[in-house]
Protein chains: 2
Amino acid sequence: MLLNRSERNFPRVIIIGAGFGGVEVARQLKNKEVEVLLIDRNNYHTFQPLMYQVATGTLASDSISFPLRKMFKNQNNFRFRLAEVLKIDSENRMVRTSVGDYDYDYLVIATGATSNFFGNKQVERHALPMKSVVEALNIRSYLLQNLEEAVLRKNASDRESYLNFVVVGGGPTGVELSGAIAEYQQHMLKKDYPELSTYEMKVFLVEGTDKILGALSEKSSRDAENYLKELGVKTILGTVVTDYDGNTVTLSSGEKIATKTVIWGAGVMGQMPEGINPELIQRGNRIKITPQCQVEGEENIYAIGDVSAMITEENPRGLPGVAPVAQQQGSYVAKHILNRMNNSSSEDFKYFDKGSMATIGRSRAVVDIGNFHMKGFLAWTTWMFVHLVSIFGFRNRVVTFVNWSIKFLTKNSGIRLIIHRYERPASEPSTADEQSSAQDN
Amino acid sequence: MLLNRSERNFPRVIIIGAGFGGVEVARQLKNKEVEVLLIDRNNYHTFQPLMYQVATGTLASDSISFPLRKMFKNQNNFRFRLAEVLKIDSENRMVRTSVGDYDYDYLVIATGATSNFFGNKQVERHALPMKSVVEALNIRSYLLQNLEEAVLRKNASDRESYLNFVVVGGGPTGVELSGAIAEYQQHMLKKDYPELSTYEMKVFLVEGTDKILGALSEKSSRDAENYLKELGVKTILGTVVTDYDGNTVTLSSGEKIATKTVIWGAGVMGQMPEGINPELIQRGNRIKITPQCQVEGEENIYAIGDVSAMITEENPRGLPGVAPVAQQQGSYVAKHILNRMNNSSSEDFKYFDKGSMATIGRSRAVVDIGNFHMKGFLAWTTWMFVHLVSIFGFRNRVVTFVNWSIKFLTKNSGIRLIIHRYERPASEPSTADEQSSAQDN
């Protein structure tokens, strides 16, 4: 068997994590004189930028997920293991996993990021993260479950917390998600739930700084804010969530909002495997890497993408946590490994910023490319085109295109299915009251 | 609110179950002077005939599931409740549910069928049923998980039970499912899992009678058996499963097959709500109904589809448990209710048999229409056409068509995702041995 060390001739590259970075390393090593072993806890790659469309029922989970074995079916030097990494044992050049130990010559850590609740356990317990397909599906189920609950309650005051939806974090995720929820409210709520009124549902977007889409231009930020306003989203700036008990969210302004649903898009942190020297772990739980993407002091270990921090004078806080950084670093690392095998040196990594964009519902989007700014219908079609060509797999592209086209034409398309019911952890008090207020017959 | 009894003027028809029968009743009552309340434990209708394609990764779950509220969005007299029915209280004309009690003037029981393990608790514990979307997704995950497990084991004897797949029941479900698994084996296994050999994987179909597709013609039955043989499925006739402990299945012939996967398609029984007079419950847990689809002795309660048994001289065992029976009965019951409201009488229900069909992989299918028989490519395209036009929803039709086309063109398409991992109940002994035999590095 290939993974049997005694039989192989080529150096082995182990990649942990099949996100944009990890997959790119593996692809760039096709037909090279290395063995590639990709390890991930899921058997698929996720196209994260469209996760919010799964959460809001525009796309099915399979449209943004691509089976890894199928992705690499024509790459002979590729192997995959579905496993949890338990520990990196750099002394013995070993990765210890839930299905066995694997030795490496080169290791690429590309484990990505997870939600950061900044230590607020109470919020972590009750808010909904959206960093995986399962979490996105949980949000889809839970939004619908709350509407079903609202229908059962006769008094508007009893319905309120089921119909207030709070999204935390004004980055692209929060903006796109709150826009999509508001679009559902505008176009579909009344048709799906004749018992409810459109104005009863409310969508809030809470952002800690004084503007949304902080990484984009001033102009894009303002345009996006206007778009959200048009859709009825209540944007609350310069405010953070201080507490959430599952029923009421408390903001730093003192304001309280009764809500069963807080979706967390306010922060991320690196998903750190065990075995990394703690001195190398930077702000945001990221591994400090050299300008050549190596973990400091470990020349055979690379770290790329959201789990890494390449801190330079130009970027004292590291590069942004976006797909293109991970992809470009992945491609760079593959070449770096091949160069080393040929005893040649590599230039330092350079990030090429192709621009940023965000969409806020039908015909509304903002695009920044350098100093160039676009908005409205043209930006929206650009956004769709860029995302369509970026999704992996012909089938996924066609199915996504079909879904988007039908949604555009009908204004009422959607995969509003509760396949796996989402059960939130019990909030300590007040459940008895709620139960008794559900009276409809 | 509409469901408040004091405010409504029209009689209320409650339908329990949103399968083919229940949905048809609701649709036929559109624009009529009745209130329709549909109750289901899921918020979607499932197109059951294609469930096996979800289990085997050809279609995503959303392609065969249609949100009920969206389905009836233009029907003003329609209301929906996502609930479990706890009890039918015919004395008080009430349906008691997990979200409250609802009173009816007419009640239609359309709860369908669930798997029947004929009292074998051991088999029920370890075998995989396929009567819901969640169960189909569990099968998809579990098939893939077993292949991942097989890859970890160095000795063929350790891999065996992970690579033997046993399908029980030679009806359309079992035939189509075993055919689809064998097709994966033939076209895709080797590409996905270069560590495994095609010949190592085995698919068995176990049927209790002496032929598969017993409801179809002799000719179709023989043709289907040949098709399965071509695909490498080992069909075992005249044999039933007597025991299964999660590792080894025992057949009535005494034969034992080492397998982690037994999929149960061998029998169904009605899903009986509480409160039905036990004297009316027939063989297969079905409610005895009159030739006018009424529950005997309860003229305001109808039962249709798989949960009902209309026993006549022509059909001493009741009508077959197929979608057209449920649909035709649903349509009949809607008219029956309207006739009664107009004080007119109805003719007895008559089932119109449009024919039967089954598909066994690419270009292989059998079709019976009366005495007319078709097979091969033509039958296969007929099968696809009939199913495509029967799926509810334009989006689902287009997406299904796209998936089928790509599968036909590439021979390697598929949604081989483990989104929700399936954990089987622990089988008592021998897990320790298995764990230790997973050694690969």
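A quick note: this is a predicted structure, and the numbers were derived from the prediction, not measured.

1. Observations concerning the overall build of chain A
When helices and strands are tallied, chain A shows 13 helices and 27 strands. Counting only C-alpha atoms and orienting by the principal axes, one finds that chain A spans roughly 75 × 50 × 40 Å. Residue burial in chain A is summarised as follows: out of 441 residues, 57% are buried. Sequence-distant contacts, at least 24 apart, represent 65% of the contacts inside chain A between residues at least 6 apart. Counting every atom, chain A has about 18,100 Å² of accessible surface; 49% of that belongs to carbon and sulfur. Treating the 50 positive side-chain charges of chain A as one cloud and the 49 negative ones as another, the clouds have centres 6 Å apart.

2. Quick notes on the confidence of the model for chain A
Residue and element names in this part refer to chain A. For chain A, per-residue confidence averages 92 on the pLDDT scale, and residues scoring 70 or more make up 95% of the total. Counted against residues more than four places away or in other chains, residues 429-439, with its pLDDT under 50, gives eleven contacts. Confidence estimates for the predicted assembly give a pTM of 0.93 and an ipTM of 0.92.

3. Observations concerning a nonpolar patch on the surface
Residues and elements named next belong to chain A. On the surface, Phe377, Phe408 and Leu409 cluster together to form a nonpolar patch covering roughly 330 Å² of accessible area. In this fold, Phe377 is placed in helix α11 (residues 376-390). Judged by relative accessible area, Phe377 falls into the partly exposed class, the value being 48%.

4. A closer look at the relation of the copies chain A and chain B
Overlaying chain A on chain B yields an RMSD of 0.0 Å, the required transformation being a rotation through 180 degrees with an accompanying axial translation of 0.0 Å. What we have between these two chains is a two-fold relation. When each C-alpha of chain A is compared by its distance to the rotation axis, A:Val399 comes out closest, at 3.0 Å. Comparing interface residues between copies, 100% of those in chain A also sit at the interface in chain B, which points to an isologous, same-surface contact.

5. Comments concerning the packing of aromatic side chains
Residue and element names in this part refer to chain B. Per the stated rule, a full pass over the model turns up 18 aromatic pairs over all chains. Between Phe72 and Phe78, the ring centres sit 4.1 Å apart and the planes meet at 15 degrees, which makes this aromatic pair stacked. The exposure classification of Phe72 matches that of Phe78, with both residues buried. Where Phe117 meets Trp264, the ring centres are 5.1 Å apart and the plane angle is 25 degrees; that geometry is what we call stacked.

6. Looking at the interface of chain A and chain B
Counting residues at the interface gives 57 residues for chain A, matched by 57 residues for chain B. With both chains or domains summed, chain A and chain B bury close to 5,300 Å², and 58% of this area falls on carbon and sulfur atoms. One can count six salt bridges joining chain A with chain B. A salt bridge links A:Glu195 to B:Arg81, with the shortest nitrogen-to-oxygen separation between them at 3.1 Å. For the side of chain A that touches chain B, the secondary structure elements donating two or more residues are β4 (65-67), α3 (68-71), β5 (78-82), β8 (100-103), α5 (133-151), α8 (189-192) and α12 (394-410) of chain A. Examining the composition of the side of chain A that touches chain B, we find that seven residues originate from one element, α12(A), more than from any other. Here the side of chain A that touches chain B is built from residues that sort into 27 nonpolar, eleven polar and 19 charged.

7. Observations regarding the packing of helix α1 (residues 20-28) of chain A against helix α10 (residues 323-341) of chain A
Residue and element names in this part refer to chain A. α10 packs onto α1 with a crossing angle of 30 degrees between their chain directions and a minimal axis gap of 7 Å. Compared by their axis directions, α1 and α10 come out roughly parallel. Every pair of crossing elements has a handedness; the one defined by α1 and α10 is right-handed. Contact residues: α1 offers Phe20, Gly21, Glu24, Val25 and Gln28, while α10 offers Ala323, Ala326, Gln327, Gly330, Ser331 and Ala334. Split into classes, the residues belonging to the contact of α1 with α10 amount to five nonpolar, five polar and one charged.

8. A look at the sheet that holds strand β5 (residues 78-82) of chain B
Either a parallel or an antiparallel arrangement is found when strands of a sheet pair, and the pairing is made through backbone hydrogen bonds. Residues and elements named next belong to chain B. The strand order across the open sheet built from six strands is β5-β2-β1-β9-β23-β22, with neighbouring strands paired in mixed fashion. Both outer strands of the open sheet, β5 and β22 (294-295), are each paired with one neighbouring strand and no more. Across two bridges, β22 lies against strand β23 (residues 298-303) in antiparallel orientation. Directly across from Val295, in β23, lies its bridge partner Glu298. Where helix α10 (residues 323-341) meets the sheet, its contacts fall on β1 (12-16), β9 (106-109), β22 and β23, and the angle it forms with β23 comes to roughly 160 degrees.

9. Examining α10(A)
Between the first and last C-alpha of α10(A) there are 27 Å, a value that for 19 residues agrees with the 27 Å anticipated at 1.5 Å per step. Of the residues trailing α10(A), A:Asn343 is marked for its positive phi of about 60 degrees.

10. Some thoughts on the side chain of A:Asp40
All names here are of chain A. One can find Asp40 in strand β2 (residues 35-40). A polar side-chain atom of Asp40 sits 2.7 Å from the main-chain amide nitrogen of Ala18. In terms of polar contacts, Asp40 uses its side chain to reach the backbone amide nitrogen of Asn42, at 2.7 Å. Setting aside its immediate chain neighbours within four residues, Asp40 contacts Gly17, Ala18, Leu68, Phe80, Arg81, Leu82 and Ala83.

Scoring rules and cut-offs
- Residues numbered from 1 in each chain as written.
- Chains lettered and ligands numbered in written order.
- Predicted model: local features only at pLDDT ≥ 70, side-chain atom pairs only at ≥ 80, totals over all residues.
- Heavy atoms only, no water.
- Helix = DSSP H or I, 4+ residues; strand = E, 2+ residues; numbered from the N terminus.
- Buried < 20%, exposed > 50% of the residue type's maximum accessible area, 1.4 Å probe, protein only.
- Contact = heavy atoms within 4.5 Å.
- Areas by Shrake-Rupley, 256 points an atom, 1.4 Å probe, with all protein chains shown as cover.
- Lys, Arg positive; Asp, Glu negative; His and termini not counted.
- Charge placed at Lys NZ, Arg CZ, Asp CG, Glu CD.
- pLDDT = per-residue confidence, 0-100.
- Patch = residues over 30% accessible without salt bridge, like charges linked within 9 Å, V, L, I, M, F, W, Y side chains within 5 Å.
- Salt bridge = Lys/Arg side-chain N within 4 Å of Asp/Glu carboxyl O.
- Least-squares fit on C-alpha atoms with pLDDT ≥ 70 in both.
- Phe/Tyr/Trp six-rings, centres within 6.5 Å; stacked < 30°, edge-to-face > 60°.
- Buried area = accessible area lost by both parts, 1.4 Å probe.
- Nonpolar A, V, L, I, M, F, W, Y, C, P; charged D, E, K, R; others polar.
- Axes fitted to C-alpha atoms, helices over the stretch in contact; angles between N-to-C directions.
- Parallel < 35°, antiparallel > 145°, perpendicular 65-115°, else oblique.
- Left-handed = near helix turned anticlockwise from the far one by under 90°.
- Pairing = 2+ DSSP bridges.
- Expected span 1.5 Å × (residues − 1).
- Polar contact = N/O pair within 3.5 Å; in protein donor to acceptor, adjacent residues only side chain to side chain.

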